[in-house]
Each structure stands twice: as structure tokens, then as C-alpha cells.
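Here is what each chain is made of, one letter per residue.
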Amino acid sequence: MNYKLVFHILGMILRVEAALMLPATVIAFVTGGGDGLAFLLSAAVTMTVGQGLTMLPGKNMKMQARDGFAAVALCWIVLSLFGALPYTLSGVMPNYVDAVFETVSGFTTTGATVLTAIEGQPSGILFWRAQTQWMGGMGVLVLALALVPKLGEGSVYLMRAESPGPIKSKLTPRINDTAKILYSIYIGLTAAEVVCLKIAGMPWFDSVIHAFTTISTGGFSVKNASIAAYESLTIEWIIIVFMFLSGVNFALLYFALLRNFRAVFESEELRSYTFMTVGASALIAANLVFHASWALDARTVTDSVFQVVTLMTTTGYMTYDYVLWPTFSQVILILVMFAGGCAGSTAGGIKQIRVVLLFKNLRREVQRILHPRVVKTIKSDGERVDEPILSGITLFFFAYIFILLAGALVVAWDDVGFTAAFTASLTCISNVGPAFDVLGPTCNFFFLSNGSKIFLSASMLLGRLEIMPLLLLLFPSLWKKR
């Protein structure tokens, strides 16, 4: 590994993080919440360490794939460790493990929280929670590539390691230009939602917070009751629309802006995503009407659609406690948590494209048994999918299930019940947020042991980075100096 280059990238990212602590610092001092000094000290410490790392001498700045994967994995770990400082120094979370859990949940846009009284927290802390999700939604390294001078040809390795999905593509020949396009769309969607929510009657501060956590599909709210606190169908449908858009591959949103609608409508992943959203919503609405005696009205339809979209896009807001729904509806919600949104979006989960390709690969294997001599290739959007990609998807799915079961086993040690343990692990590796049973949308993760919180924090990072970058850190050959 090129240690000096990796340290340089770590330092650069820490300086970006320190700079992005300043808005929360200003808000903290203006509102007088008592957390201003904590943010100021956190920013100073983060900037000092970052500056020191970037000043380490080194001439070889050429990046290879292993350097990119190591840098991305280490950056997300270091960002979480330093991003937790405001919570601890302000006294909001004296337990540093809780602070790290909250920060990891923010950066990975998971939305699982250990805060028991959200509405009583200082404004600076609430803004920082939301901002960590907004920073992590599109990717912290992608943000750095858009803000700072390019790192040469090796910057493509950073984007490949951080961008979700099995198939990587660039919108432009230059990776920095691609990063700027992605963040331009990201910022545009955020600004549009802020305006829409304000028009619908939400206060300015709340509008900004919820726009940050909607577009990033994070789900942190400023209300204990989440979106249900506003009791507004208009606000809920605005958030539904923006959650759905945020779960779409941003490349397709870019093509839509260029009026290349053919590329949008021909996307198999988008069709799968849309079909699953509509189908799951209809099934839950029918289940509530026929088995729970709900009226078939606007509230039933809205709650059904909202909970499907918020869990499929792994946002994690709440308008109704779905733990009280019939078992059939709860199982559907668990299935959409597995699937997640589209690759290249801010959503988590396995990703729709992997689900589509896994089914296509299954069908091909069945056909091979029936017709051994037939050679059949798998295509996605009319283009052949290489066999290494298909093998990678299979390995990813195995690793995903293994980590999910391991997490369930760890949380089960806290004796929270099977449903809570299993869905807690699922919600963390899929970056969803709320789980089921005693860890449902009206509850939090505060009462779990430190061991469970640490493992679930690792699961959130593994899910956000899609396992491989963090997994590579465990291989001694990665750390050999070159």
C-alpha cells in the first residue's frame, strides 16, 4: 500500500469534515444551545489532525486499486470517529460508543438512533445529525472529488470503491466532472424539497433538516414522532416523491435532465424498483382493509405507500407504527428492506439491479440443467453482463447474508427476542434505520449493549460501502508497503 498517499487522502477528508462542522457551529452559537464550544473544539481538533496528515512528506502520489479501496474504508472509519466528537464534548452522548453509533448511522444514512428525546436536543446537534446524512448520501469521497483538486487518474478508484452498485460507470470522461454533475443534481433535489416543504407549512429549519435526510435517504428527523408529528398528507406525499427520486440511479436522473428519456424507460432496474413499490403498496393497503378493518381512504393509501417507499429507499421515516400492522404487511416491509433502491442512488439494501441479475442467473442455471449444451448470456438493459460481475454479485449476496446472521447472533446476546435481533441486523446492514418489535419505529437502540452497538456500527459501514472495501482491510497483503 502507498501509505503516504492514503494518509494524504485521510487528511484531505478530515479537513473537509472540519470545514463542514462550521455551519453547525454557527447555528449552535446563534441559537444558544450550549453546544457551540463543543463544535468549535471538534472542528479545531479535526482540522489539526487533517492538516498534519496532509503535510506528511511523500513523492509517490500514484494511486492503485488497493490504495483506493483502503483509503475509502479508512476515511469512513476516521470520519465517524472524529464526527462523534461534538456529541461527546457537548454532553449529549457522554458514552463515546453511543456517539460513534449515531455518527456512523448518520454518515451511512442508516437513521438508527440512540437519542431518546430528539426534540429536546440543541439545534446545532440536530443540524449536525442531518448534515452527516447529507454528506454520506452521495458519498464523502465523491464530495471531496467535487470540492478539491483532482488526485489524478487514481481518483477513479475512490469513486468505484464508494459508489454503490455492481456496475460502475462514468457520466463524463473526467471523474471530477462526474462528481460535480452528481452533486449538482443532489443539491438541486435538496433545494427543491426545502421549498416544497416550506410551502406545505413546515418551518424553515425543519424543512432544511428533512430535505437533507430525505434526499440522502437517511431518515433523521427533528421530531420524536418523525413525519407523523406534522399530521399533513401534503407533507407526506412531498416526502414520498423525493424519497422515490432519491432511490433512483442518479445517472438516470441526469439522462432525464438531458431529455434522453429512452435510456430512462429502458432501465430494467427502474422498472423493477417501480413495480415493487406499486405492488408492495397495493398488497399492504389490501391487507389493512381486509384483515385490519381499515377504511379504503386517503390515509390508508398514504400510510401504505409511505412505509413501503421509506423502507425500500432505506430512508426510515415513520407516519404509522407498522409494528401494529398484520404479519403479512410486516413481512412485505422486511422484503423491501432487503431489496432496497437502485444502484447509483443514495438508497441502501442489496440493490434492485442485483435482485434482477440474481433471478436472471437462477433462471439460466435452471435452463442449463434442462439444456446442457445451450450457451446463454445474461444481459442488462440490452448489454451483456460479464461473468466476473455475476460472480461478484453472488459473493456479495453470500457475504451480505453471513453478516446479517452474524449481527442477529450478536444482538441476540442482549436477549431482545428473535424478531428484534434479526431485523436490527437487517436494518443496519441495509442502512434502513428502524427495525421491528422493541426496536421498531417508535423505539431506539439506546438500551443495547456496547458490544451490539459496535458490531451494528460495523454492519452499517459494511452495508454502505458494500462490504468489500472494509473486508479488504482484514487481508495482510493489503498492508504491504510499496
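Our subject is the structure that appears above.
Residues numbered from 1 in each chain as written. Predicted model: local features only at pLDDT ≥ 70, side-chain atom pairs only at ≥ 80, totals over all residues. Heavy atoms only, no water.

Undergrad: What is the right way to look at the overall build of the protein chain in this model?
TA: Each helix and strand counted, the protein chain has 22 helices and 2 strands in total. Its C-alpha atoms put the protein chain at 65 × 60 × 50 Å along the principal axes. Here the protein chain, with 482 residues, has 57% of them falling under the buried criterion. Counting contacts in the protein chain only where the partners sit at least 6 residues apart, residues at least 24 apart contribute 71% of the total. When the accessible surface of the protein chain is split by element, carbon and sulfur atoms take 68% of a total near 20000 Å². Of the side-chain charges in the protein chain, 33 are positive and 28 negative, and the distance between the mean point of each set is 15 Å. (Helix = DSSP H or I, 4+ residues; strand = E, 2+ residues; numbered from the N terminus. Buried < 20%, exposed > 50% of the residue type's maximum accessible area, 1.4 Å probe, protein only. Contact = heavy atoms within 4.5 Å. Areas by Shrake-Rupley, 256 points an atom, 1.4 Å probe, with all protein chains shown as cover. Lys, Arg positive; Asp, Glu negative; His and termini not counted. Charge placed at Lys NZ, Arg CZ, Asp CG, Glu CD.)

Undergrad: Would you mind going over the pattern of salt bridges with me for this structure?
TA: Proximity of charged atoms lets side chains of opposite charge pair with each other. Within this structure, the stated rule accounts for 10 salt bridges. One salt bridge in this structure joins Glu266 and Arg262, with 2.9 Å as the shortest N-O distance. Across the pair Arg354 and Glu466 runs a salt bridge, and its minimum N-O distance is 2.9 Å. Note that Arg354 is positioned in helix α18 (residues 352–370) and Glu466 in the loop between α21 (450–464) and α22 (468–472), a separation of 112 residues in sequence. Both residues of the pair, Arg354 and Glu466, count as buried. Taken together, the shared-partner salt bridges in this structure form one network comprising Glu236, Arg299 and Asp303. (Salt bridge = Lys/Arg side-chain N within 4 Å of Asp/Glu carboxyl O.)

Undergrad: Any chance you could explain the environment of Met312 here in plain terms?
TA: For Met312, the position within the fold is in helix α16 (residues 298–312). It is 27 Å that separates the C-alpha atoms of Met312 and Ala99, two residues lying 213 residues apart in sequence.

Undergrad: Would you mind going over a nonpolar patch on the surface with me for this structure?
TA: On the surface, Leu395, Met468, Leu471, Leu472, Leu474 and Phe475 cluster together to form a nonpolar patch covering roughly 550 Å² of accessible area. Tracing the backbone through its elements, the reader meets Leu472 in helix α22. (Patch = residues over 30% accessible without salt bridge, like charges linked within 9 Å, V, L, I, M, F, W, Y side chains within 5 Å.)

Undergrad: I keep staring at unusual backbone geometry and nothing clicks. Help me out?
TA: Residues apart from glycine generally show negative phi values, whereas peptide bonds are mostly found in trans. If you check the backbone angles, Arg259 has positive phi at about 65 degrees while not being a glycine. Look at Arg259 and you get exposed, because its relative accessible area is 71%. Positive phi, normally seen in glycine, also occurs at Asn431, with a value near 60 degrees. Within the secondary structure, Asn431 sits in the loop between α20 (418–429) and α21. Asn431 gets classed as buried once you look at its relative accessible area, which sits at 1%.

Undergrad: Hey, could you run me through helix α3 (residues 36–54) in this one?
TA: Each α-helix turn comprises 3.6 residues. Residues three or four places apart therefore point the same way. Helix length check: α3 (19 residues) gives 27 Å between terminal C-alpha atoms against 27 Å at 1.5 Å per residue, within 8%. What α3 keeps buried is the set Gly36, Ala38, Phe39, Ser42, Ala43, Thr46, Gly50 and Thr54. In an axial view of α3, the angular spread of the buried residues amounts to 155 degrees, which keeps them on one side of the axis. What points out from α3, more than 90 degrees from its buried face, is the exposed set Leu37 and Thr48. Close packing links the buried residues of α3 with α1 (3–20), α2 (22–31), α4 (65–83), α5 (85–89) and α7 (123–138). (Expected span 1.5 Å × (residues − 1). Arc of directions from axis to C-beta.)

Undergrad: Can you walk me through α16 in this structure?
TA: Over its 15 residues, α16 runs 21 Å from end to end, which matches the ideal 21 Å to within 8%, given 1.5 Å per residue. Among the residues of α16, Thr300, Thr302, Asp303, Ser304, Val305, Phe306, Gln307, Val308, Val309, Thr310, Leu311 and Met312 are the ones counted as buried. Looking at the buried side of α16, the elements it contacts are α12 (233–246), α15 (268–291), α17 (327–339) and α18. Of the residues one or two after α16, Thr314 is the one with positive phi, at around 60 degrees.

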